[in-house]
2 protein chains.
Amino acid sequence: MPTTTESGEPDHPTVADLGEFGLIERVTRLRQQPDGTLLGPGDDAAVVLAPDGRVVATTDVLVEGVHFRLDWSTPEQVGGKAAAANLADIAAMGAVPTALLAALVCPPETPAQTAEGLAVGLWAQARAVGVGVVGGDVASGPAIVMSVTALGDLQGRTPVTRAGAGAGEVVAMCGRLGWSAAGLAVLTRGFRSPVALVNAHRLPEPPYSAGPQAAQAGATAMIDVSDGLLADLGHIARASGVSIDVRAADLEVPARLAEIGSAVGVDPLRWVLTGGEDHALVATFGGAVPDGWRVIGEVLAARDEPAVTVDGREYGDATGWDHFGPPTHGRGAP
Amino acid sequence: MPTTTESGEPDHPTVADLGEFGLIERVTRLRQQPDGTLLGPGDDAAVVLAPDGRVVATTDVLVEGVHFRLDWSTPEQVGGKAAAANLADIAAMGAVPTALLAALVCPPETPAQTAEGLAVGLWAQARAVGVGVVGGDVASGPAIVMSVTALGDLQGRTPVTRAGAGAGEVVAMCGRLGWSAAGLAVLTRGFRSPVALVNAHRLPEPPYSAGPQAAQAGATAMIDVSDGLLADLGHIARASGVSIDVRAADLEVPARLAEIGSAVGVDPLRWVLTGGEDHALVATFGGAVPDGWRVIGEVLAARDEPAVTVDGREYGDATGWDHFGPPTHGRGAP
């Protein structure tokens with residue numbers, strides 16, 4: 001039996017103490033919805049502006065023990081990460097986000113503070129990009145599962161798919177690569193620093209506005225790096241029927257990655273090429289590359305099959321993350 | 001080690017045998033998207049028509065052992081039920097559905113056939129209402145969790161919220177009440193018949209088109225019955241600041257419910273008043289009630305607090321389903 005305050009509420013209530021509606025009340029109260037939210041949580045469904053007459057939609061799910069560990073990340077970071085993965089997908093279409101929805105499953109004995117923290121993290125990301133968390137659902141289950149849906153608006157632009165890359169174009173990226181993987185490598189070895197890398201794993205910082213920017217500049221194909229640069233370029237190569245060659249010399253390997261790589265005996269280039277979850281954007285361009293983007297390779301005609309190479313050669317073991325493979329408590333190269 | 005066919009594929013592959021991308025390929029291949037799906041699964045996000053310039057969005061999550069049991073329902077029924085819960089929410093706003101998205105979490109040892117069955121059930125419901133499953137995500141986790149998001153279009157209509165009911169209006173319903181609860185009562189007692197009731201629990205048949213119909217006819221408030229008639233009318237009462245009185249004599253208690261109620265010692269009216277998950281629609285109307293709707297009560301001025309009564313009196317223990325309450329393997333009154 002939990003201790004209680006004078007008001008009769010437990011000191012450290014669980015989600016079972018609050019109940020479904022109490023929990024929903026806690027995570028929705030006092031949240032201001034932006035103007036584009038015509039009807040927020042609390043009804044059967046939300047209503048959100050879709051000025052373009054089309055809506056962009058994507059769903060990503062995070063599972064405790066698979067995608068995150070609450071001894072490594074705060075609930076706020078996990079909530080933020082769930083939002084970021086979805087918002088990056090919206091950006092990678094060349095769209096701007098308009099709303100988030102979230103379904104939260106957690107064991108009844110989960111501290112209410114944990115559930116609230118997940119919502120706080122989700123809201124922090126939503127607010128940072130000017131959208132609201134417009135709806136959701138909560139249910140009990142054996143582990144914490146957070147499923148987030150993001151909606152977006154194309155503002156009249158053509159969606160940038162994975163399928164438009166053509167031979168002779170350049171490949172460019174914007175954002176970070178390898179930071180999350182290096183942070184995960186640090187955490188799996190029992191360390192908590194360098195904080196910049198560990199925090200990059202806990203809560204990515206995708207370059208959201210670079211997506212619409214690239215679409216405006218005529219990007220022919222685009223994807224966000226969730227599985228690893230080579231794996232995700234592989235998606236573009238196969239969808240477009242081209243090959244892609246990355247020039248290692250044009251990839252930035254920050255000093256911090258090099259130092260940690262040297263400390264733990266991992267080639268930091270490996271993190272940059274195969275580490276996922278930083279949600280950098282990579283795109284192909286037939287013309288000029290916009291400010292803030294860095295050219296890292298070129299699009300080639302596919303010989304037999306679409307392939308992704310580094311300096312003209314296959315890069316060993318760059319297969320990316322498989323969700324039903326052995327658990328590693330985080331995606332990307334450890 | 002699973003047995004394998006001559007082609008080298010296991011006879012009864014698990015989702016781990018297929019891998020993440022193999023599973024996605026299986027559940028998405030050969031699925032035809034309707035015209036409103038401008039871009040379906042396979043890219044960072046989907047693109048769906050939103051002709052109205054607004055999009056209606058809702059998310060519901062089903063958890064194995066909480067919302068369904070695979071010894072009671074087929075995977076197809078569970079997938080269909082997940083779709084139906086969301087599609088009923090879209091209908092309850094007066095909107096027509098435009099797309100579904102789904103996130104599926106399952107243990108690696110889950111038979112691929114189970115995961116495929118969930119997708120087949122989802123697609124069957126989607127097709128029945130003319131929409132596609134436009135995107136999703138799969139991940140491993142300790143139990144099967146299926147989170148579905150539905151999008152909808154208001155076709156120029158004002159969304160019908162829970163908040164517009166006014167004193168002097170009538171309360172009407174369309175669809176079934178109590179069938180799912182009676183089916184659950186049968187299943188929890190170890191029986192598998194009457195099939196009509198058991199199947200109503202396994203896969204509800206919400207009256208989707210009655211939602212836009214009611215909106216067109218000037219419904220002032222509307223909700224779908226997911227937690228139980230009295231509990232969901234309570235949502236309308238509180239949101240609208242009114243009280244609602246239901247006339248028991250105007251509720252239909254089908255002979256099958258009466259027979260089973262008598263067999264198991266439950267007043268069948270209790271299932272009708274408190275059983276959830278049939279996703280009937282209830283709405284309030286100031287004027288004429290549309291065809292197919294049945295008047296079951298009236299809207300009254302709230303005295304002290306908004307209240308829901310049956311024949312002028314409180315109905316005992318009608319609090320509805322709490323997701324963090326004791327497990328009953330299904331919502332609503334057992």
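Conventions adopted
The residue numbering used here restarts from 1 in each chain and proceeds along that chain's sequence as written. Chain letters start at A and ligand numbers start at 1, both assigned in the order the entries are written. Local features in this predicted model are restricted to residues of pLDDT 70 or higher, and side-chain atom pairs are both shown and tallied only at a pLDDT of 80 or more, whereas totals for entire chains, interfaces and linings draw on every residue. Water and hydrogen atoms were dropped before computing side-chain values, which therefore reflect all heavy atoms in the structure. Strands are runs of DSSP state E lasting at least 2 residues, helices are runs of H or I lasting at least 4, and numbering of each runs from the N terminus. Atoms counted for the radius of gyration: C-alpha only. Globule rule: 2.2 Å times the number of residues to the power 0.38. Throughout this description, buried means an accessible area under 20% of the type-specific maximum (1.4 Å probe, protein chains only), exposed means over 50%, and partly exposed covers the range between. Contacts are assigned to residue pairs with any non-hydrogen atoms lying within 4.5 Å of each other. Working definition of accessibility: Shrake-Rupley area with a 1.4 Å probe, residue cover restricted to the visible protein chains. For two strands to be treated as a pair, DSSP must find no fewer than two bridges joining them. Helix axes are fitted only over the stretch in contact, all axes being lines through C-alpha atoms; the angle between N-to-C directions runs from 0 to 180 degrees. Here the term right-handed applies to a crossover when the path leading from its first strand over the helix to its second strand runs clockwise, the strands being oriented away from the viewer. The rule for a salt bridge is simple: a side-chain nitrogen of Lys or Arg has to be within 4 Å of a carboxyl oxygen of Asp or Glu. Segmentation into domains, and thus their bounds, comes from an automatic or database assignment. Two parts lose some accessible area (1.4 Å probe) when they are put together, and adding that loss for both gives the buried area. In protein, a polar contact means a hydrogen-donor-capable atom and an acceptor-capable atom, both N or O and within 3.5 Å, with residues adjacent in sequence counting only if both atoms are side-chain atoms; elsewhere, any N or O pair within 3.5 Å suffices. Think of it as three bins: nonpolar holds Ala, Val, Leu, Ile, Met, Phe, Trp, Tyr, Cys and Pro, charged holds Asp, Glu, Lys and Arg, and polar takes everything else, Gly as well. For this count, His and the chain ends are skipped, Lys and Arg are scored as positive, and Asp and Glu as negative. Least squares is used to superpose the copies, and the fit set is the C-alpha atoms of residues whose pLDDT is at least 70 in both copies. Should an angle fall under 35 degrees it is taken as roughly parallel, and over 145 as roughly antiparallel, whereas 65 to 115 is taken as roughly perpendicular and any remaining angle as oblique. Left-handed describes a crossing in which the near helix is turned anticlockwise from the far one by less than a right angle; the clockwise case is right-handed. Any helix carries an expected span of 1.5 Å times its number of residues minus one. The angle between axes fitted to the seven residues ending at a residue and the seven residues starting there is what we call the bend at that residue. Pairing of aromatic rings covers Phe, Tyr and Trp, the last through its six-membered ring, and needs centres within 6.5 Å; plane angles under 30 degrees mean stacked, over 60 mean edge-to-face, and all others mean tilted. To sit over a ring, a charge needs its Lys NZ or Arg CZ within 6 Å of the ring centre and within 35 degrees of the ring normal.

Asker: Hey, could you go over the overall build of chain A for me, with residue numbers and the actual values?
Answerer: The helix and strand inventory of chain A stands at nine helices and twelve strands. At 21 Å, chain A has a C-alpha radius of gyration in line with the 20 Å of a compact globule built from 334 residues. Along the first, second and third principal axes, the C-alpha atoms of chain A reach 70 × 50 × 30 Å. Among the 334 residues that make up chain A, the fraction classed as buried is 60%. Residue pairs at least 24 apart in sequence account for 82% of intrachain contacts in chain A once pairs closer than 6 positions are excluded. For chain A, the exposed surface amounts to about 12500 Å²; the carbon and sulfur share of it is 51%.

Asker: Can you lay out the sheet that holds strand β2 (residues 46-49) of chain B for me, pointing to particular residues and giving the numbers?
Answerer: Strand order in the open sheet formed by six strands is β5(A)-β4(A)-β6(A)-β3(A)-β2(B)-β1(B), and the pairing between neighbours is mixed. Edge strands, defined here as strands with exactly one partner in the open sheet, are β5 (132-140) of chain A together with β1 (37-39) of chain B. Neighbour-to-neighbour, the strand axes of this sheet turn through a mean angle of 25°, independent of strand direction. Bridge analysis of strand β4 (residues 96-106) of chain A against strand β6 (residues 145-153) of chain A gives nine bridges, and the strand direction is antiparallel. Within β6 of chain A, the position partnered with V105 of chain A by the bridge is V145 of chain A.

Asker: Give me the pairing of strand β4 (residues 96-106) of chain B: which residues, what numbers.
Answerer: Residues and elements named next belong to chain B. Across the eleven residues that make up β4, a large majority, ten, are buried. Summarising the sheet, β4 and strand β5 (residues 132-140) pair through eight bridges and their orientation is parallel. For A102, the partnering residue across the bridge sits in β5 and is G136. As for the winding sense of the linkage, the β-α-β connection from β4 through helix α3 (residues 112-128) to β5 is right-handed.

Asker: Now, about the pattern of salt bridges: what can you tell me, with residues and values included?
Answerer: With the rule as written, the count across this model stands at 14 salt bridges over all chains. A salt bridge links D52 of chain A to R54 of chain A; its shortest N-O distance comes to 2.5 Å. Its relative accessible area of 17% is what places R54 of chain A among the buried residues. Measuring nitrogen to oxygen at the nearest pair gives 3.4 Å for the salt bridge that ties R162 of chain A to D44 of chain B. With R162 of chain A in the loop between β6 and β7 (170-174) and D44 of chain B in the loop between β1 and β2, the pair connects residues from two separate chains. D44 of chain B shares its class with R162 of chain A; the two are buried.

Asker: Residues and numbers for the domain arrangement of chain A, please.
Answerer: Residues and elements named next belong to chain A. Assigned domains within chain A: domain 1 (15-153) and domain 2 (170-310). For domain 1 and domain 2, the distance between their C-alpha centroids amounts to 26 Å. Residue-level contacts link 19 residues of domain 1 with 20 residues of domain 2. Carbon and sulfur atoms supply 61% of the area that domain 1 and domain 2 bury against each other, a total of about 1600 Å² over both sides. Our enumeration of links across domain 1 and domain 2 arrives at one salt bridge.

Asker: Explain the interface of chain A and chain B to me, using residue names and the numbers behind them.
Answerer: Opposite the 65 residues of chain A that make contact, chain B presents 64 residues. For the chain A and chain B pair, buried surface summed over both sides reaches about 4900 Å², with 64% attributable to carbon and sulfur atoms. Put simply, chain A and chain B have four salt bridges between them. In this structure, R162 of chain A and D43 of chain B form a salt bridge, with 3.7 Å as the shortest nitrogen-oxygen distance. Viewed at the interface, chain B and chain A are joined by 18 residue pairs in polar contact (both at pLDDT 80 or more). A per-element tally of the side of chain A that touches chain B places strand β3 (residues 54-63) of chain A first, with nine residues. Tallied by class, residues from the side of chain A that touches chain B come to 40 nonpolar, 14 polar and eleven charged.

Asker: Before we move on, can you summarise the environment of T74 of chain B with the specific residues and values?
Answerer: For T74 of chain B, the position within the fold is in the loop between β3 (54-63) and α2 (75-91). For T74 of chain B and G117 of chain B, which are 43 residues apart along the polypeptide, the C-alpha to C-alpha distance reads 7.7 Å.

Asker: Let's hear about the side chain of R202 of chain A: which residues, and what values?
Answerer: Residues and elements named next belong to chain A. Positionally, R202 belongs in helix α5 (residues 195-202). Look at R202: it is buried, it has no salt bridge, and the nearest opposite charge is D71 at 8.9 Å. The residues contacting R202, other than those within four sequence positions of it, are W72, S73, Q77, K81, L187 and R192.

Asker: Residue-level account of the relation of the copies chain A and chain B, with values.
Answerer: Rotating chain A by 180° and translating it 0.0 Å along the rotation axis places it on chain B, where the RMSD comes to 0.0 Å. The transformation just described matches what one would write down for a two-fold rotation axis. Nearest to the rotation axis, the C-alpha of G53 of chain A is located 2.5 Å from it, this being the minimum over chain A.

Asker: Which residues make up the sheet that holds strand β6 (residues 145-153) of chain B, and what values do they have?
Answerer: Read from one edge of the open sheet, six strands run β1(A)-β2(A)-β3(B)-β6(B)-β4(B)-β5(B), paired in mixed fashion. Of all strands in the sheet, those bounded by a partner on one side alone are β1 (37-39) of chain A together with β5 of chain B. Going across the sheet, the axis of each strand differs from the next one's by a mean of 25°, ignoring polarity. One ladder, built from two bridges, connects β1 of chain A with strand β2 (residues 46-49) of chain A; its direction is antiparallel. Opposite T37 of chain A, over in β2 of chain A, you have V48 of chain A as the bridge partner. Relative to β3 of chain B, α2 of chain B is tilted by about 145°, and along the sheet it contacts β3, β4 and β6 of chain B.

Asker: Got a sec to walk through the packing of helix α2 (residues 75-91) of chain A against helix α3 (residues 112-128) of chain A? Specific residues and values, please.
Answerer: All names here are of chain A. With their axes 6 Å apart at the nearest point, α2 and α3 run at an angle of 40° to one another. Between α2 and α3, the interaxial angle falls into the category oblique. Crossing handedness for the pair α2 and α3: right-handed. Across from P75, E76, V78, G79, G80, A83, A84 and L87 in α2, the residues of α3 making contact are T114, G117, L118, V120, G121, L122 and Q125. Here the residues of the contact of α2 with α3 are counted per class, giving eight nonpolar, six polar and one charged.

Asker: Outline helix α1 (residues 15-28) of chain A, supporting the account with residue identities and numerical values.
Answerer: Residue and element names in this part refer to chain A. For α1, built from 14 residues, the straight-helix expectation of 20 Å at 1.5 Å per residue is missed by more than 12%, its first-to-last C-alpha distance being only 15 Å. Remark: the principal bend of α1, roughly 80°, maps to F21. Against the buried residues of α1 lie β4, α3 and β5. For α1, the N-terminal capping position is held by T14, with its side-chain oxygen 3.2 Å away from the main-chain nitrogen of A16. L30 sits one or two positions beyond α1 and adopts a positive phi of about 65°.

Asker: Quick rundown of the packing of aromatic side chains? Include the residues and the values.
Answerer: All names here are of chain A. Summed over the entire model, instances satisfying the criterion amount to two aromatic pairs over all chains. Between F285 and W293, the aromatic rings sit 5.5 Å apart at their centres with planes inclined by 75°, giving edge-to-face as the arrangement. F285 gets classed as buried once you look at its relative accessible area, which sits at 1%. The class of W293 is buried, set by a relative accessible area of 8%. Here the basic side chain of R69 rests over the ring of W72, its NZ or CZ set 3.9 Å away from the ring centre.

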